[in-house]
Amino acid sequence: MPTEVKMPQMGESIYEGTITKWLKKAGDDVAKDEPLYELSTDKVDTEIPSPVSGRLEKIAVAAGKKVPIHTVVCWVEEGAPAAAPPSGVGGVVAGMPPVAPEQEPAAPPPAGEKPAPPPAPAKPVPEPAAPSAPSEHGGDGERVFASPLVRKIAREENVDLSQIQGTGGGGRITKEDILAYVESRKAGPAIAARPAAAPALAPAAAPPSEVAGAMAGRPAAGAAPAKPAIGRPGEVVPMSPMRAKIAEHMVMSKRTSAHVHTVFEVDLSKIWALREREKDDYERVYSLKLTFTTFFAAAAAEAIKEFPTLNSSVNGTNIILKREIHLGIAVALPDGLIVPVVKNVEEKSFLGLQRAISDVAERARLKKLTLDDVQGGTFTITNPGIYGGLFGTPIINQPQVAILGVGGIEKRPVVIDDAIAIRPMCHLVLGFDHRVIDGAVADQFMAKVKNVLQNWSLPIK
Amino acid sequence: MPHVTFLDAITQALREEMERDSKVILMGEDIGAYGGAFGVTRGLRERFGADRVMDTPLAELALVGAAIGCSYLGLRPVVEFQFADFISSGFDQIVNFAATSRYRWGVGVPLVLRGPWGGGVRAGMFHSRCMEMWFVHTPGIKVVVPGTVRDARGLLKSSIRDGDPVLYLEHKYLYRRLKDDLPDQEELTPIGKADVALEGKDLTIVTYGAMRTACLEAARELERDGIRPEVVDLRTLVPLDRAAVIESVRKTNKLLIVHEDTRTGGIAGEIAVSVCEEAFEDLDGPILRVTAPDTPVPYAPTLEDYFLPRAEDVVKAVRKLAKY
């Protein structure tokens, strides 16, 4: 009996999840705890490991489908696979760059994986089946599941099957799907390519500063996110679950909070020098990259201790002042962003903070965050400066009341004691909720942050 | 109110052909004085005499051998098996002699072998089986399997006029259950031509014999879901009307084959491969089949009901295929 793999419940208030990508396909061997698929829920994106070792018999829920928790999503026939495949085989783990240039079409698949060619007909058939290569695979290398009829139509109509979202069993592209596509293409190039469940006009690329988290341009470990590629010009593509969530959350925040922004310029000479001096040592001794983000986080935490209103939330006409400082660190992902939370920053040493930030940022990119990792933030830091922007005006991450945006760090001429000096400068922007924080408090908070950073005196080891 | 039963139609065909051609004779066990186990030949001895409606010993091998001999002498014998199951006792004469005669020396054997087949009447494993595939697999014999009152008459008349051995199978479940009105004028249903029993668009159901009725019942049920299957009744297994099946598949792009015969080696396999060979690129789904399981026909009523494919089994398979 194959083992049923069910949609897990990823948190108390979560009742459904979207399988964003299958990392294995039917017929693949899978080892226990090896990732089977990527799951996206309201709260977290993560990889779901296989509960048993065996062969992935059948996929019941196609990528892109949202299903309730406890739904059977696939079956794994138990029994140890011949050899546990090395990680990365049968589905590149998201976020990890492929080691070698992809060669999947040429690589000989394991026995039984390749669909049998059509049987040789008794009489010569005028047109031998020769599915065109581009139709065979989706953009991400997954095999497009389509019947012989659909492939024939695709060939005749010159349709790239990876452009069509199947509505048949297991996400198969049905005859109706491709005929509708061909029809719509005739009607006009701008007609929906994918019959999306929800109306899905992708927002015109919002400037990063408009989107809180897209500011995590520079994640702690310093890797830049891949260029987003959601579709081709002229197409209408449905939002990914993450994108839809971001959209909803951002608008909700703008509606909820009275956003005000204040901008400070900070001289990072001391930190710059400190970091230059210590970073190699840091890497050697702790195997950690010493990042600017941690300095900003530590400075924010120091300032919050003095101005606790910044670390609060609103409940009706009450202001809930939080005892703990749980710092959200926005991390950009190729297809969106996520804000993992570093807990109890008030108790952490600089080293502990750096370790925690590196950890969540790394796991965010590997989609290995747990629900707990993304809940409970009380204040957020984001990094819009990575592409050279001077600063951004971040949107508050609800239900928090303030967000610190870190602009680009750049050497600039500054006037010091009537002399012009070259200093590494950075703009810090605080987005705050005027319902609870007035400008004076916000500026005092920022002055404190600036002071901590410019006159850094905290131990970092 | 239709009044002609499936059984009546067979009797009518025999009578008409005997009236038309004095060379047509009937041979079989208890077909004369008794009128046959099911009464198909009742009244024919009185009408045509004992010379043309002959009772034979309970010895199928001798019976078939004698009939082949008669055919060489210019007669057109129609042999009745009390139950088609017992045709196995005459097997050697049929497959080695009658079936090869034209190939061996150019002499056809205008012989009709007819008998009641199939289950559903609580008759147990020796009186219920589907044995058509033994002969489908034997080149030189035509296999005719009517599923309507009209085809029962029209196909038997064509079989009697055919110049080669024809196995004509009468589903005993239909004998008195199936009723229809028949036109007065003579009708000859061509051997080797399938019949589109119901036009549809969503998928093709290919079937024959008593399963035609089950498939049409399923189609009525499916209509409520908005699924419109096309039902193709093969009517003849040899020669097989592949062209009709493929034409329908090209239209609907999906195929379900339903037969009462057991699964392995049933006609479904032959049809499925034929479609793959000639219409692979017209398929928008897997070819599925609904059949009896690979066991003898059970005697216990509950088991027989389970064994036989039913309309609800067809509905289930169609839903699956339609959704695919």
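Residues numbered from 1 in each chain as written. Chains lettered and ligands numbered in written order. Predicted model: local features only at pLDDT ≥ 70, side-chain atom pairs only at ≥ 80, totals over all residues. Heavy atoms only, no water.

**Q** Help me get a handle on the overall build of chain B, residues and values and all.
**A** Per the secondary structure count, chain B includes 11 helices and 14 strands. The buried share of chain B, reckoned over its 324 residues, is 57%. Considering only contacts in chain B between residues 6 or more positions apart, those separated by 24 or more positions represent 83%. About 13300 Å² of surface is accessible on chain B, with carbon and sulfur atoms providing 54% of the total. (Helix = DSSP H or I, 4+ residues; strand = E, 2+ residues; numbered from the N terminus. Buried < 20%, exposed > 50% of the residue type's maximum accessible area, 1.4 Å probe, protein only. Contact = heavy atoms within 4.5 Å. Areas by Shrake-Rupley, 256 points an atom, 1.4 Å probe, with all protein chains shown as cover.)

**Q** Outline the pairing of strand 4 (residues 35–40) of chain A, listing residues and values.
**A** Residue and element names in this part refer to chain A. The element strand 4 is largely enclosed, with a buried count of six among its six residues. Two strands pair when backbone bridges link them, and strand 2 (residues 16–22) and strand 4 are joined in this way by four bridges, in the antiparallel orientation. Paired with T18 across the two strands is S40, which belongs to strand 4. Counting the residues that bridge the hairpin from strand 4 to strand 5 (residues 45–49) gives four residues. (Pairing = 2+ DSSP bridges.)

**Q** Which residues make up helix 3 (residues 60–72) of chain B, and what values do they have?
**A** All names here are of chain B. Relative to the 18 Å expected for 13 residues at 1.5 Å per residue, helix 3 spans 18 Å between its end C-alpha atoms, a close match to the ideal helical length. Buried within helix 3 are the following residues: E60, L63, V64, A67, I68, C70 and S71. For helix 3, the angular spread of buried residues about the axis comes to 160 degrees, placing them on one side. Against the buried residues of helix 3 lie strand 2 (24–28), strand 4 (76–80), helix 4 (91–105) and strand 5 (112–117). One or two steps after helix 3, the chain reaches G74, where phi turns positive at roughly 105 degrees. (Expected span 1.5 Å × (residues − 1). Arc of directions from axis to C-beta.)

**Q** How would you summarise the pattern of salt bridges if you had to cite specific residues and measurements?
**A** This model, assessed by the stated rule, comprises 52 salt bridges over all chains. The closest approach of N and O atoms between D372(A) and K343(A), which form a salt bridge, is 3.7 Å. Within this pair, whereas D372(A) is found in the loop between helix 7 (350–365) and strand 16 (379–382), its partner K343(A) is found in the loop between strand 15 (341–342) and helix 7, the two being separated by 29 residues in sequence. The exposure class assigned to K343(A) is partly exposed, which follows from its relative accessible area of 23%. As a salt-bridge pair, E187(B) and R153(B) come within 3.9 Å of each other at their nearest N and O atoms. Of the two residues, E187(B) sits in the loop between strand 8 (179–180) and strand 9 (195–198) while R153(B) sits in helix 6 (residues 149–161), which places them 34 residues apart along the sequence. Classification of R153(B) as buried rests on a relative accessible area of 2%. In the salt-bridge network here, residues are joined through shared partners; they are E16(B), E17(B), R20(B), R150(B), R153(B), K157(B), R161(B), E186(B) and E187(B). (Salt bridge = Lys/Arg side-chain N within 4 Å of Asp/Glu carboxyl O.)

**Q** Residues and numbers for the packing of helix 7 (residues 211–223) of chain B against helix 11 (residues 311–323) of chain B, please.
**A** Residue and element names in this part refer to chain B. Where helix 7 contacts helix 11, the axes come no closer than 8 Å and their chain directions differ by 55 degrees. Taken together, the axes of helix 7 and helix 11 are oblique relative to one another. For the pair helix 7 and helix 11, the crossing hand works out as right-handed. For the pair formed by helix 7 and helix 11, the contact residues are A214, C215, E217, A218, E221 and L222 on the first element and A311, V314, V315, V318 and R319 on the second. (Axes fitted to C-alpha atoms, helices over the stretch in contact; angles between N-to-C directions. Parallel < 35°, antiparallel > 145°, perpendicular 65-115°, else oblique. Left-handed = near helix turned anticlockwise from the far one by under 90°.)

**Q** Account for helix 6 (residues 292–306) of chain A, with residues named and values stated.
**A** Residues and elements named next belong to chain A. For helix 6, with 15 residues, the first-to-last C-alpha span of 22 Å sits near the 21 Å given by 1.5 Å per residue. Counting buried residues in helix 6 gives 12 out of 15 residues, a clear majority hidden from the surface. Every buried residue of helix 6 is listed here: F292, T293, T294, F295, F296, A297, A298, A299, A300, A301, A303 and I304.

**Q** Hey, could you go over the sheet that holds strand 9 (residues 259–267) of chain A for me, with residue numbers and the actual values?
**A** Residues and elements named next belong to chain A. The strand order across the open sheet formed by six strands is 9-18-17-16-12-15, and the pairing between neighbours is mixed. The open sheet has two edge strands with one neighbour each: strand 9 and strand 15. By the bridge criterion, three bridges tie strand 16 to strand 17 (residues 402–416) in an arrangement that is parallel. Looking across to strand 17, one finds that T380 is bridged to I403. Sheet contacts for helix 8 (residues 439–454): strand 9, strand 16, strand 17 and strand 18 (419–433); angle to strand 9, the most-contacted strand, approximately 25 degrees.

**Q** An account of the packing of aromatic side chains is needed here, citing residue identities and associated values.
**A** Residues and elements named next belong to chain B. Under the counting rule described, the total for this entry stands at 18 aromatic pairs over all chains. Both rings, one in F83 and one in F86, keep their centres 6.1 Å apart while their planes meet at 80 degrees; by these two values the pair is edge-to-face. Put simply, the rings of F38, F83, F86 and Y175 pair up and form one aromatic cluster. Between the NZ or CZ atom of R177 and the centre of the ring of Y173, over which it lies, the distance is 3.9 Å. (Phe/Tyr/Trp six-rings, centres within 6.5 Å; stacked < 30°, edge-to-face > 60°. Lys NZ or Arg CZ within 6 Å of the ring centre and 35° of its normal.)

**Q** How would you sum up the pairing of strand 2 of chain B? Please name residues and give values.
**A** All names here are of chain B. The element strand 2 is extensively covered by neighbouring structure, given that five of its five residues are classed as buried. Burial along strand 2 is two-sided: V24, L26 and G28 and I25 and M27, pointing in opposite directions, are all buried. Examined bridge by bridge, strand 2 and strand 3 (residues 53–55) share three bridges and lie parallel to one another. Following the sheet pairing, M27 is matched in strand 3 by M54.

**Q** Which residues make up the environment of V72(A), and what values go with them?
**A** All names here are of chain A. Its location among the elements puts V72 in strand 8 (residues 72–78). For the pair V72 and A60, spaced 12 residues apart in sequence, the C-alpha separation works out to 6.9 Å. If sequence neighbours within four positions are ignored, V72 has contacts with E4, V5, K6, A60 and V61.

**Q** Outline the nonpolar core, supporting the account with residue identities and numerical values.
**A** Membership of the largest hydrophobic core comes to 52 residues, with the highest contact counts inside it found for F379(A), L428(A), L430(A), F445(A), L453(A) and W456(A). No other element matches the 10 residues that helix 6 of chain A contributes to this core. Contact partners of W456(A), with chain neighbours within four places excluded, come to K270(A), I271(A), L274(A), F295(A), A298(A) and F350(A). Counting 48 residues, the second-largest nonpolar core is a separate cluster that includes L167(B), V206(B), I257(B) and L283(B). (Core = buried A, V, L, I, M, F, W, Y, C linked by side-chain atoms within 4.5 Å.)

**Q** Any chance you could break down a nonpolar patch on the surface for me, citing the residues and the numbers?
**A** Where nonpolar side chains cluster on the molecular surface, the patch consists of Y72(B), L73(B), W105(B) and V107(B) and spans about 420 Å² of accessible area. Mapped onto the fold, V107(B) is located in the loop between helix 4 and strand 5. (Patch = residues over 30% accessible without salt bridge, like charges linked within 9 Å, V, L, I, M, F, W, Y side chains within 5 Å.)

**Q** Outline the environment of V44(A), supporting the account with residue identities and numerical values.
**A** Residues and elements named next belong to chain A. Topologically, V44 is positioned in the loop between strand 4 and strand 5. On the basis of relative accessibility, which here comes to 1%, the residue V44 falls in the buried class. For the pair V44 and L369, spaced 325 residues apart in sequence, the C-alpha to C-alpha distance is 7.0 Å. Excluding residues within four positions of it along the chain, V44 makes contact with M10, L39, L369, T370, L371 and V374.

**Q** Explain the sheet that holds strand 7 (residues 66–68) of chain A to me, and be specific about the residues and the numbers.
**A** Residue and element names in this part refer to chain A. Taken together, four strands build an open sheet; the order of strands is 5-4-2-7 and the sheet is antiparallel. Each edge of the open sheet carries a strand with a single partner, namely strand 5 and strand 7. Each neighbouring strand pair of the sheet contributes to a mean axis angle of 40 degrees, computed without reference to strand direction.

**Q** Describe the side chain of Q354(A), and please don't skip the residues or the numbers.
**A** All names here are of chain A. Along the chain, Q354 turns up in helix 7. When its relative accessible area of 0% is taken as the criterion, Q354 is described as buried. At 3.1 Å, the side chain of Q354 forms a polar contact with the backbone oxygen of K289. When residues no more than four places from it in sequence are discounted, the contact partners of Q354 are Y282, L288, K289, L290, T291 and T294. (Polar contact = N/O pair within 3.5 Å; in protein donor to acceptor, adjacent residues only side chain to side chain.)

**Q** I'd like a rundown of unusual backbone geometry, residues and numbers included.
**A** Following Q398(A), the chain continues to P399(A) via a peptide bond in cis, the omega torsion being 5 degrees. Mapped onto the elements, P399(A) comes out in the loop between strand 16 and strand 17. The omega torsion across V238(B) and P239(B) is -5 degrees, close enough to zero to call that bond cis. Along the chain, P239(B) falls in the loop between strand 12 (236–238) and helix 8 (242–252). Not every positive phi belongs to a glycine, and N344(A) is a case in point at roughly 50 degrees. Following the sequence through the fold, N344(A) ends up in the loop between strand 15 and helix 7.

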